[in-house]
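As a plain string of letters, each chain reads:
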Amino acid sequence: MYTDRKISSAVIKRLPRYYRYLGDLLDHDITRISSKELSEKMSITASQIRQDLNNFGGFGQQGYGYNVEYLYNEIKKILSLDRTYHMIVVGGGNIGQALVNYTGFEKRGFVITAIFDVNPRLIGMTIRGVEVYDVDKMEEYVKNNKVDVGILTLPRTAAREVAQNLADWGVPGIWNFSHVDLHLPPTTKVENVHLTDSLMTLLYKINEQPKPTEKENK
């Protein structure tokens, strides 16, 4: 661990952005960057970047800035991305299939190993090489295979029960796309994802803009 201090959730949410932007810089063969240059790319103040990174040791050198590859690899370690994570999808509908078909997960070390559903038309199918199993076989699968994350893309009516079952079976993380907030014991971490919340936030931003006056339209 880099620090025993409690890191704020705001800092934790920014770490993947740093990781993504630094990866883009590496792809463009940029080896060094200052906090000012990074702030212009990310629309975060340079002082905020320095404060965030100082929680983990700083990593920069005055007059030099940041070594991009070194910082990228250090954030990779902080996010524990230097290992492989095994995930299952519960719900083989449109969202579940879209997630299975997304090839970017493997590049980050996230491997989807199984899909579970109640629909007999889906059971036995394979989606990009991942088999769809009957949900009744999920407990046996989880207890006999390593599962780090359960991805829920099923109706809200079933989400709470399935999430509690996964927690009881020892799955440490739930990535929840079901339209309900989950609250589980501290041993199982939950990230609730509400796609419509993001869309409604965008619509608010669109509609809060000042409307052009009649004179401006001319």
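Everything here concerns the structure above.
Since the model is a prediction, treat every value here as computed from it, not as a measurement.

Student: Would you mind showing me how to read the overall build of the protein chain here?
Tutor: Scanning the protein chain for helices and strands turns up 10 helices and nine strands. Across its three principal directions, the C-alpha atoms of the protein chain cover 60 × 55 × 35 Å. With 218 residues in all, the protein chain has 38% of them scored as buried. Counting only contacts in the protein chain whose residues sit at least 6 apart along the sequence, the fraction spanning at least 24 positions is 56%. Carbon together with sulfur atoms contributes 51% to the accessible area of the protein chain, which is approximately 13800 Å² in total. Positive and negative side-chain charges in the protein chain, numbering 27 and 26 respectively, have mean positions lying 6 Å apart.

Student: What exactly am I supposed to notice about the layout of surface pockets here?
Tutor: If you roll a probe as big as a water molecule over the atoms, it shows you where there is empty space left. Here the largest pocket is characterised by a volume of approximately 1800 Å³. Every residue lining the largest pocket is counted, 38 residues in all, and those nearest its centre are Ile12, Pro16, Leu79, Phe110 and Glu191. With seven residues, helix 1 (residues 9–27) is the largest single contributor of residues to the lining of the largest pocket. The residue makeup of the lining of the largest pocket, split by class, is 22 nonpolar, six polar and 10 charged. Its volume calculated, the second largest pocket comes out at about 340 Å³. Taken together, 20 residues form the lining of the second largest pocket, with Val90, Val118, Val135, Leu154 and Val162 sitting closest to its centre. When residues in the lining of the second largest pocket are grouped by element, the largest group, five residues, is from helix 8 (residues 156–168). Among the residues making up the lining of the second largest pocket, the classes are represented as 10 nonpolar, six polar and four charged.

Criteria and cut-off values
Residues numbered from 1 in each chain as written. Predicted model: local features only at pLDDT ≥ 70, side-chain atom pairs only at ≥ 80, totals over all residues. Heavy atoms only, no water. Helix = DSSP H or I, 4+ residues; strand = E, 2+ residues; numbered from the N terminus. Buried < 20%, exposed > 50% of the residue type's maximum accessible area, 1.4 Å probe, protein only. Contact = heavy atoms within 4.5 Å. Areas by Shrake-Rupley, 256 points an atom, 1.4 Å probe, with all protein chains shown as cover. Lys, Arg positive; Asp, Glu negative; His and termini not counted. Charge placed at Lys NZ, Arg CZ, Asp CG, Glu CD. 1 Å grid on protein atoms, 1.4 Å probe; cavity = no way out; pocket = protein on both sides within 12 Å on 5 of 7 lines; lining within 4 Å. Points joined across faces, edges and corners; volume = space filled by probe spheres on them. Nonpolar A, V, L, I, M, F, W, Y, C, P; charged D, E, K, R; others polar.

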